Each structure stands twice: as structure tokens, then as C-alpha cells.
Amino acid sequence: MKNFISKWNQISLVKRIIVGIVIGIILALTVPDAASWVSIFGSLFVGALKAVAPILVLFLVIHAIASHKSGKETNMKMIIGLYAIGTFLAGVVGVVGSKLFPITLTLSTSEATEITPPGGIAEVLETLLFNIVDNPVDALMNANYIGILTWAIVIGLILKRVAAESTKTMLANFSDAMTKLVQWVINLAPIGIMGLVYDAIATSGLSALTEYGQLLILLLGCMFFVALVMNPLIVFMYTRENPYPLVFKVLRESGITAFFTRSSAANIPVNLTLCKKLGLDEDTYSVSVPLGATINMAGAAVTISVLTLATAHTLNISVDLWTAIILMVVAAISAAGASGVAGGSLLLIPLACSLLGISNDIAMQVVAVGFIIGVLQDSCETALNSSSDVLFTAAAEKAKARKAKKKGKVSAA
């Protein structure tokens, strides 16, 4: 048994999840009356995610802010600006795509009667403000992700100024421990997804797979649009030159690797090597690439916005223009706090759902749906996230060189 578990863990998570999906489908079609012992694996998996997600967000954000060190002068301001613009516009693409092609999900909506849809922008803002000032302990207990994020930012900023290095080391250890815990939970995804797929098909039939396929097409379509249209447009606006040679190079040499590792953090060494190959300034990319692995999350913004609006469509919650704009901003901000492990962005969907009055229990069901389609969704998301770290770093350096050249010509004249 020990050897079997060891060999099983050596298989990539993607392949193990595929095995779990196939087994779930087979069991649902052959033994549909076995729900009592198969579906429980899915419920346990969702429960574990619900338990670990709030603490994960708290420690990751505190550590990221508290441990940030200001280096010597670099081109970081422009790069951070590009990260912010790219992530926000990805959220816009996700929202617009969901409006043009609305998707509904099969969820257990027994709690839907308790949901009070927001009456308008004023009510959304009121909910947002009260969630921000929520007691931190209550925020953790009730999975109020907006409150958790707010307290994490405030505490992180304070610790950045007053904490000793030993304290920051302790925060790093806690952050690493929580990340490891999440990896353990996600390592159980094949068994959990087997139970979720079984429950979905036994309850709704094979139509559930068609539904997930439609959701996956929408997600990947938005991500490809960002990668091949939106990001090149941003790069062109800054560099005033054909962006596609650079776009295709980073997708080929960074995106493909990230697709299989499914972790922006794991792809950092690849990106650093690519930046060196492109001849970029080491003082800049040695900071921008690790930072981008944390905050440059265009794919995550697409995932959060699309799945949140799919939940809203499922529950017949109407989202007006101003609420949609707030969702774009929240998707971008929450995406920047996504964990650098496989499926990290899915754990922040409840944050966005809370804006629309959607309960955490229903939101976590949507997270579980995300894991079912995550074999492709999370791989493409990570490829978009990680490759754009190099793309925007190179674009900023090209833009800086262009400005310097233009300034030199003016001075010479």
C-alpha cells in the first residue's frame, strides 16, 4: 500500500484528476445508488477547502506586504502599472464575456431562499464597507474574505515598518506552512472530484458535463482573448512596435512550462532565465518576476469574474452596470492575492460572490466546480499569469528605452 501511494503521488496532479473524473463518471453510470459512500468524498473535499482558505489568504497577504523590501531605482513603477492595467482589463473581459454568453451551473441551491440580492449600487457599497470593518476573528470564522483581505493589508503594512527580521521570518514560515497545507488538500482533489462528478452526473445526468464544457469554453475563450488581443494591445500602447514576436516568444518559452507546472511560483526560475535571454535589466527582472508571480494575475481575474457571474446567473441575481464595474475592480484586487499554487484563484471566488449577497456555502460549491474543470482552466490560467510577467517586464524596458531615445533626439536637436 505504501508503495502504491508513493507511485500514485509521483503521477502529475492533472493526470490524477483525469483519472478521478473518469472513475466518477463510470461509478455514476454503473452504480447510481451508491451516493451515500461516493458523494461524501466530494463533500469532504469542499469542507477542507472551506476550512483552509480564510487562513491561507490572511497569512499570504500579510507575509507578502510585510516582507517587501525597497530596492534601488528600477523600472518597477511602470511594470506595476502594467500589472494593474493587465489584471483589471482581464477582469473586464471576464465580465463582458459572461454578459454576452451567460452560463448557469447546477448547484445545491437549498440556501438560495436566504439570499437577498442587492437592490443597487448603494447596497453593494454598504455591504462592502461593513465587510471591510468586520471583526478579524469574525471575518475568519464566517469566511468574510473582504474583511480578511483588509486586515491582512493593514497588519502587513504595520509589520513592514516595525517588525524585526525574526518576526518576518516567522511570517514566512507560517505562509509556507499554509501553502503546504493547501497543497496537501489539493493533492486530494482526484478523490474529491470523483465524488463531485459522481454526484453531479447521478443527480443531473450527463448534461452536467455539457454544462461544464460550456463554462470551460467561456473561460478559455476569455483567457485566449486576453493573451492574444488585450495584452498585445497594452504592449503596443507602451512600446509603439509590433508586440506579437514578444508575445509568442513568452507564451512559447514561459507559458508552456507554466501550463504543466500550474504554479506561477514554480515558474519563476523559468521566467528569470527567459528575462536574461531577452537581455533585460537584472536589477529590474529579479524583482518584477517574483512580484508578478504574486500580483500579476490576469487569468485569475478572468476565472473569478466568470465564475462569480455564472453563480449570479444560476441564482437569477441581476447585476447592473455599476455593480459589474465594482466586480471588475474586486476581481482584479482579489486576483492579486491569489495563492501561487494550483487552483489558488478558485479560493478567492467567495470574496467576489459576497458582493452579490451569495452565501459562502454556495460559493464554495462553485469553487468545487472550478476544480472539476481545472485540468484545463487552471493550466491555461497559470500560463497566462506567468507568461505576462515577462511580457510586461520586457514591455516596460522597451518603453523606457523608447522614451530615452526620444529624449536624446530632442536634446540633440
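Residues numbered from 1 in each chain as written. Predicted model: local features only at pLDDT ≥ 70, side-chain atom pairs only at ≥ 80, totals over all residues. Heavy atoms only, no water.

Structurally, Asp 33 is set in the loop between helix 2 (13-30) and helix 3 (35-66). Given a relative accessible area of 76%, Asp 33 falls into the exposed group. Along the backbone, Asp 33 and Ala 202 are 169 residues apart, and their C-alpha atoms lie at a distance of 8.3 Å. (Helix = DSSP H or I, 4+ residues; strand = E, 2+ residues; numbered from the N terminus. Buried < 20%, exposed > 50% of the residue type's maximum accessible area, 1.4 Å probe, protein only.)

If you check helix 14 (residues 298-314), its first and last C-alpha atoms are 24 Å apart, about what 17 residues at 1.5 Å a residue would give, namely 24 Å. Counting buried positions along helix 14 gives 16 out of 17 residues, so the element sits mostly inside the fold. Looking one or two residues beyond helix 14, the residue adopting positive phi is Asn 316, at roughly 60°. (Expected span 1.5 Å × (residues − 1).)

Turning next to the packing of helix 4 (residues 76-100) against helix 13 (residues 282-295). Running from N to C, helix 4 and helix 13 point in directions that differ by 25°, and their axes come no closer than 11 Å. Regarding the angle of helix 4 to helix 13, the classification is roughly parallel. Crossing hand, helix 4 versus helix 13: right-handed. Contacts from Met 76, Ile 79, Ile 80, Tyr 83 and Thr 87 in helix 4 reach Thr 284, Val 287, Ser 288, Val 289, Leu 291, Gly 292 and Ile 295 in helix 13. Taken together, the residues that form the contact of helix 4 with helix 13 break down as eight nonpolar, four polar and no charged. (Axes fitted to C-alpha atoms, helices over the stretch in contact; angles between N-to-C directions. Parallel < 35°, antiparallel > 145°, perpendicular 65-115°, else oblique. Left-handed = near helix turned anticlockwise from the far one by under 90°. Contact = heavy atoms within 4.5 Å. Nonpolar A, V, L, I, M, F, W, Y, C, P; charged D, E, K, R; others polar.)

Across the protein, the average pLDDT comes to 79, with 82% of residues at or above 70. Averaged pLDDT values over the elements of the protein bottom out at 67 in helix 5 (residues 121-132) and peak at 90 in helix 4. Counting interchain partners and residues more than four positions distant, the pLDDT-below-50 stretch residues 109-121 has 25 contacts. (pLDDT = per-residue confidence, 0-100.)

How two aromatic rings sit relative to each other is given by the distance of their centres and the angle of their planes. The tally for this structure, following the rule as stated, stands at three aromatic pairs. Taking 5.1 Å as the distance between ring centres and 15° as the angle between the ring planes, the aromatic pair formed by Phe 59 and Phe 174 counts as stacked. Of this pair, Phe 59 sits in helix 3 while Phe 174 sits in helix 8 (residues 165-187), and the two are 115 residues apart along the sequence. You can call Phe 174 partly exposed: its relative accessible area is 39%. Geometrically, the ring pair formed by Tyr 244 and Phe 248 is tilted, given 5.7 Å between the ring centres and 35° between the ring planes. (Phe/Tyr/Trp six-rings, centres within 6.5 Å; stacked < 30°, edge-to-face > 60°.)

To continue, consider helix 15 (residues 321-335). The terminal C-alpha atoms of helix 15 lie 21 Å apart, and with 15 residues this matches the ideal 21 Å at 1.5 Å per residue to within 8%. Where helix 15 is concerned, the buried positions are Thr 323, Ala 324, Ile 326, Leu 327, Met 328, Val 330, Ala 331, Ala 332, Ser 334 and Ala 335.

In this structure, Thr 239 sits in helix 10 (residues 207-239). By relative accessible area, Thr 239 is classed as buried at 4%. For Thr 239, the side chain forms a polar contact with the main-chain oxygen of Val 235, separated by 2.8 Å. Contacts of Thr 239, omitting those with residues within four sequence positions, involve Ala 395, Lys 398, Ala 399 and Arg 402. (Polar contact = N/O pair within 3.5 Å; in protein donor to acceptor, adjacent residues only side chain to side chain.)

A word on the pattern of salt bridges. Pairing of side chains with opposite charge becomes possible as their charged atoms draw close. If you walk through the whole model with that rule in mind, you get four salt bridges. Taking the shortest distance from any N to any O, the salt bridge between Glu 253 and Arg 252 comes out at 4.0 Å. Residues Lys 277 and Glu 253 are paired through a salt bridge, measuring 3.3 Å at the closest nitrogen-oxygen approach. Of the two residues, Lys 277 sits in helix 12 (residues 268-277) while Glu 253 sits in helix 11 (residues 244-261), which places them 24 residues apart along the sequence. Given a relative accessible area of 55%, Lys 277 falls into the exposed group. Relative accessible area serves as the criterion here: at 23%, Glu 253 is assigned to the partly exposed category. One salt-bridge network, in which partners are shared between bridges, spans Lys 249, Arg 252, Glu 253 and Lys 277. (Salt bridge = Lys/Arg side-chain N within 4 Å of Asp/Glu carboxyl O.)

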